[in-house]
Protein chains: 4
Amino acid sequence: MKEKIKVQVIGATGYGGIGIIDLLSSHPNFQITSLFAKDQFGETINNYYPHLNTISELMVQEIDQNEIGKNADVIIFTTPDTVAMQIIEPLYKKLLECNIKIIDFSGDFRFKDINDYEEYAQKHPKINDTQHSAKNLLHKSVYGLPELFKDEIKNATIVGNPGCFAVSMILGIAPLSKLKLITGAQINIDSTTGTSGAGKSLNETQHFSNMESNFMPYRVLSHQHVTEVKKVVSDLGKKIEDIHFIPHLINTTRGILSSIHIELTEKKSKNQLLEIFKDYYQSEQFIRILDHPPNIKNVRGSNFCDISVDVDATGKHAIIFSAIDNLMKGQSSNAVQCLNIMYGLDEKTGIERVPLYP
Amino acid sequence: MKEKIKVQVIGATGYGGIGIIDLLSSHPNFQITSLFAKDQFGETINNYYPHLNTISELMVQEIDQNEIGKNADVIIFTTPDTVAMQIIEPLYKKLLECNIKIIDFSGDFRFKDINDYEEYAQKHPKINDTQHSAKNLLHKSVYGLPELFKDEIKNATIVGNPGCFAVSMILGIAPLSKLKLITGAQINIDSTTGTSGAGKSLNETQHFSNMESNFMPYRVLSHQHVTEVKKVVSDLGKKIEDIHFIPHLINTTRGILSSIHIELTEKKSKNQLLEIFKDYYQSEQFIRILDHPPNIKNVRGSNFCDISVDVDATGKHAIIFSAIDNLMKGQSSNAVQCLNIMYGLDEKTGIERVPLYP
Amino acid sequence: MKEKIKVQVIGATGYGGIGIIDLLSSHPNFQITSLFAKDQFGETINNYYPHLNTISELMVQEIDQNEIGKNADVIIFTTPDTVAMQIIEPLYKKLLECNIKIIDFSGDFRFKDINDYEEYAQKHPKINDTQHSAKNLLHKSVYGLPELFKDEIKNATIVGNPGCFAVSMILGIAPLSKLKLITGAQINIDSTTGTSGAGKSLNETQHFSNMESNFMPYRVLSHQHVTEVKKVVSDLGKKIEDIHFIPHLINTTRGILSSIHIELTEKKSKNQLLEIFKDYYQSEQFIRILDHPPNIKNVRGSNFCDISVDVDATGKHAIIFSAIDNLMKGQSSNAVQCLNIMYGLDEKTGIERVPLYP
Amino acid sequence: MKEKIKVQVIGATGYGGIGIIDLLSSHPNFQITSLFAKDQFGETINNYYPHLNTISELMVQEIDQNEIGKNADVIIFTTPDTVAMQIIEPLYKKLLECNIKIIDFSGDFRFKDINDYEEYAQKHPKINDTQHSAKNLLHKSVYGLPELFKDEIKNATIVGNPGCFAVSMILGIAPLSKLKLITGAQINIDSTTGTSGAGKSLNETQHFSNMESNFMPYRVLSHQHVTEVKKVVSDLGKKIEDIHFIPHLINTTRGILSSIHIELTEKKSKNQLLEIFKDYYQSEQFIRILDHPPNIKNVRGSNFCDISVDVDATGKHAIIFSAIDNLMKGQSSNAVQCLNIMYGLDEKTGIERVPLYP
């Protein structure tokens, strides 16, 4: 039996961390060799997350600069913004020599251009004064959205795993941008996310008694994921000046559904739009183009992105819906898809989960 | 003690019916004298709805043309489209002589102009071939949104209680339309409704195992409530050519939140917009203008409509959020507000419910 | 117009506090004159709880011993255990002179006998080492369950509002205890509570992403409310040696349903049991005896306790179900019911809320 | 590559059917060759269940006696009670000759003794007058609970997959019964199930607007699963005369948690009980014995049964909690576990799903 590729997880006790632990526990080619976390450490991971009993009983260690990269082929940072860049910067030469690859879940390595990062950081409520501490590595980073950047991911050493909202938005806009079918006017996007997008940190909004049976907009016109969407989509075709993006929080744990309004440069029928999307994604196994609106339960627990399109009577106002599981295609299983590509494996390996329905 | 005004409820066993029964059970000026229904009758209302035990134990009778208007000052039709117009048409002269007032929960009497009704009916999946059977009464009907049509309601004999989505949209757009601040371009609205908007009829979408943890768009760009919104809002100010309206279904029972995108004719700051809304609704006791986004749990069970505004960096793209309980301000308590006005009572009587939070 | 009775609320920013604010905001006989809290103060109450906008905009003040009792006829402590007893002890003489009445939501004044309190405190995870600081006042306290202690409440100066689980258990057991129909063997009770029972304090269990779609037992055989149940029920009839009580946490905000297993001393049919319960509660307006199992949505937002009974084929094993809204009959509206009784009002005044269904 | 074992699914469009389709779609040893259903047929399965798009696009055919057993090694009946026995009876000889094995999800083949079946059927609200139509096959049937009957399952030709409640109850009682630690007195069990236990059939209770935020007992002391529990558990050790079982319906889709009260014949500590359970299940890979109460989200989507124990101060009243996913260990993945055993495979093959948390 071939030896498995060794993976270190930094940030193991967050939802991103347990997502990776879950997926790699049954992956034929990867094995996790060590778990690190900043706040919760000193016990085995199943002590923090009992659903992992018998699945993973690895010890969670305190993050220790000296341990990073030891006995590992890949490091996955499932940490908040700025953690990965601070840890990697002093180590990068060494990591490179050892041929160690990196995937980061935060925005630290989603931008090749420091200006884009700075626009992103400024919008981010927790890091808006932060300087990037590893600017010189940005040019090596690749935006980890396999449906658009498969070739770059194949050869990448640092992959910036996309923001969850960004995944749902970009996949819904890309085919129209590619064909330059988007007018310059504006794109309006109302997205709805499950609560897990905000992670496990306690706060009043996410207290069950507040959130049950509730629904609310938040971070109106000011969410940082818009920066990566504008960048990626503009690079594909027409430059997008502005996206009016409103995230909403829904009373369920998992799922993102984006409702995207786009003014078209030319009249299209619903069928023509469906064909455009089917063509664009014809070789993509995790994109499903539907002729009726998607919903979040039909993708829950899976790496699928379900997309449908509609158009108004004028044929010029298109609506695209895209639905993902924010913790899967919006986070962990997307990262494993990247990993598979980086190591020349079939990109579906280990992430062919059937959506958990009902 | 003054005698109470007598109310007949037609359609008593739907959610609209039990909403009226609930509200009038403790209203100092009204009393329900008889309950009618089409499918469920022959038992007391608390047999169909045990939460009404000890609150109302009136017998539900089969709808009988001969009983309509007997021993009643008001008839409230909480019935689906076409029921009220068919029952009222042959009786109207008699009802008028007896000075009996009517409130209808369906779209039958929401339009004075038959063309508007026909546009509405065409979009309605259940009645799209229907001819209006009481055309000659339409000119007497009044659109029952007290915040805009208080004077007309005061003297109305037939009130068409607005569609639930329409209430949330109109209240969010009206102040900007009145000031002609809306460009002709377009209005994009993504709304989210609780499941109760579809009533008690069983269907696969609303089966609990399907709907729990789910979220989905439906009736994309084709919901009939748009007709009444366009009509009412255009009449206030600038003619609105089109509204791109997407309803979404959320996994909670009560609540509508509308996220309204409007292009402004002139640059406005958030504070200027807030002032516009506060001015417009200054004498309205059920409209609360907030400086942060509303949510649906903060209005649950009440007649409030909570509204907030935002604007993008250009000052020309406004976002308005409005939140209501679809069964209250979107239906039953709005109807009681109309009733109060029709009978010269303080419009808050009997509907000053505090939102059920948490 | 008669002047209203003045109420101080200590602990205004907890769920108990906002429950009282909600109920008294429309009560014809009471008005809140001041709000106090320990952690959140310095703003008006609607700033902490936006659902109260326009309903109550009273300032929340820091708890200040010198302000307690000023300009007040009643003080309601909606505070955690030990707060009321510590504040009241030094003030009691003064309060008594001013004829100020007290209702406390914690366990501080639920027991006349210090030994019972100590058993209770020992089981309580937050106060298990605590000595009662106002022992000399315990004999004056009355257990605030109107269905059992109406006469005592009428003349009480200190009312200990019962524990929410205790309300549901006692109301379900009392008729059988009174008739000495309970064998000494044991009572097994599995109860399920909505999350609001634990209040607004943030914790991992109640983080939405953990609690959604979840269900779990907790505090197995060790919940402090059992002490008051044993005490009250034993005093009515046969001494109860033990109650095996298991609380469960459900993924909804409001509601308690208790499933009570009791071994009967003599064979009874379901109908006989129903008659026993109907007789016992015949003059109680908030107890509804049903011939089918109750559910928590049929009492949500109301002061009702719905009860049903069943019996096995032997006629000796009875099952009693009781359902309440833990924040209403289990807390705030029960306290207002006590208040009404203490001031000679109709006990239904201000708390005739219809359950919020659907 | 070895050819896969061929599976026919009868009842493909129910929740049991899609559970099997999901699990076998990625199973290395089985493949589904045909799907049959009674009411929904004529389209591919993904048309009825869009979450299966790209996963299974097999045509669903009308049930046709002539097709049963064709091109199949195994037939899985995911049908309601009485369907399997009626279809199998006339075919059994033929099926036996072809060495075709059968798994049935209903109660048709859960009992070797016709008297036990009749007790079961009498309690079942939908089949209480039914005569078993394949009595002569009952002695060949095996109760499909691998943790107790692995050897019998290995050689079985007809496996009766257990009732979902029964799985949770039996696994929680078996170790104590085996050691004859249960007194004859009684066992009290309160269980809570997600809505999916009742399948996809529409009914008023399971209408989302009714069920959201709700919780209720049902089928009090009269659920048919008790018969199989009594039978299995009695056979292991002491004869159980009665189980007072109350199922409750919770507002989530998946999960069963049973709270089991047992009087012990001798005093035991919590640790002693834990050891008893660990010993009994030491070689079982899907049973996890915990030292804290389980919850349903920690087993969701997996084949695990999580069990914990507690005991009161006397050491004689034990509480056992067991949690499963009713559609997995309570249904489909348990059936696949049986399948694996029947074909000599590692029993974990294809069902090592990590619980979907959060």
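Residues numbered from 1 in each chain as written. Chains lettered and ligands numbered in written order. Predicted model: local features only at pLDDT ≥ 70, side-chain atom pairs only at ≥ 80, totals over all residues.

Q: Describe the overall build of chain A, listing the residues and the values that go with them.
A: Scanning chain A from N- to C-terminus turns up 10 helices and 14 strands. What you see for chain A is a C-alpha radius of gyration of 20 Å, in line with the 21 Å of a compact globule of 358 residues. For chain A, the C-alpha atoms occupy an extent of roughly 60 × 45 × 45 Å along the three principal directions. When burial is assessed residue by residue, chain A has 60% of its 358 residues classed as buried. Summarising the internal contacts of chain A: among those between residues at least 6 apart in sequence, 74% fall at separations of at least 24. (Helix = DSSP H or I, 4+ residues; strand = E, 2+ residues; numbered from the N terminus. Rg over C-alpha atoms; globule rule 2.2 N^0.38 Å. Buried ≥ 20, exposed ≤ 12 C-beta atoms within 10 Å, placed from the backbone. Contact = placed C-beta atoms within 7 Å.)

Q: I'd like to hear about the domain arrangement of chain A, residue by residue, with values.
A: All names here are of chain A. Taken domain by domain, chain A consists of domain 1 (5-161 + 331-342) and domain 2 (165-324). Between the C-alpha centres of domain 1 and domain 2 the distance comes to 25 Å. Of the residues lining the interface, 17 residues belong to domain 1; the matching set on domain 2 comes to 18 residues. For the side of domain 1 that touches domain 2, the secondary-structure elements that each account for two or more residues are α4 (114-123), α5 (146-154) and α10 (332-342). Considered class by class, the residues forming the side of domain 1 that touches domain 2 number 6 nonpolar, 6 polar and 5 charged. (Domains from an automatic or database assignment. Nonpolar A, V, L, I, M, F, W, Y, C, P; charged D, E, K, R; others polar.)

Q: Go over the interface of chain B and chain C, please, and point to the residues and values.
A: The interface of chain B with chain C comprises 23 residues on the first partner and 23 residues on the second. Elements with a contribution of two residues or more to the side of chain B that touches chain C: α1 (15-25) and β12 (287-290) of chain B. Considering every element that reaches the side of chain B that touches chain C, the biggest residue donor is α1(B), with 3 residues.

Q: Which residues make up the confidence of the model for chain A, and what values go with them?
A: Of all residues in chain A, 100% have pLDDT values of 70 or greater, and the mean over the chain is 96. Scored as a complex, the prediction yields pTM 0.98 and ipTM 0.97. (pLDDT = per-residue confidence, 0-100.)

Q: Explain helix α9 (residues 270-280) of chain D to me, and be specific about the residues and the numbers.
A: All names here are of chain D. Inspection of α9 places Leu273, Phe277 and Tyr280 among the buried residues, and these make up the whole buried set. Buried residues of α9, seen end-on, are gathered within an arc of 70 degrees and therefore sit on one face of the element. Of the exposed residues in α9, the ones pointing more than 90 degrees away from its buried face are Asn271 and Asp279. Structurally, α9 contributes buried residues whose contacts are with α6 (164-178), β12 (287-290), β13 (305-311) and β14 (317-324). (Arc of directions from axis to C-beta.)

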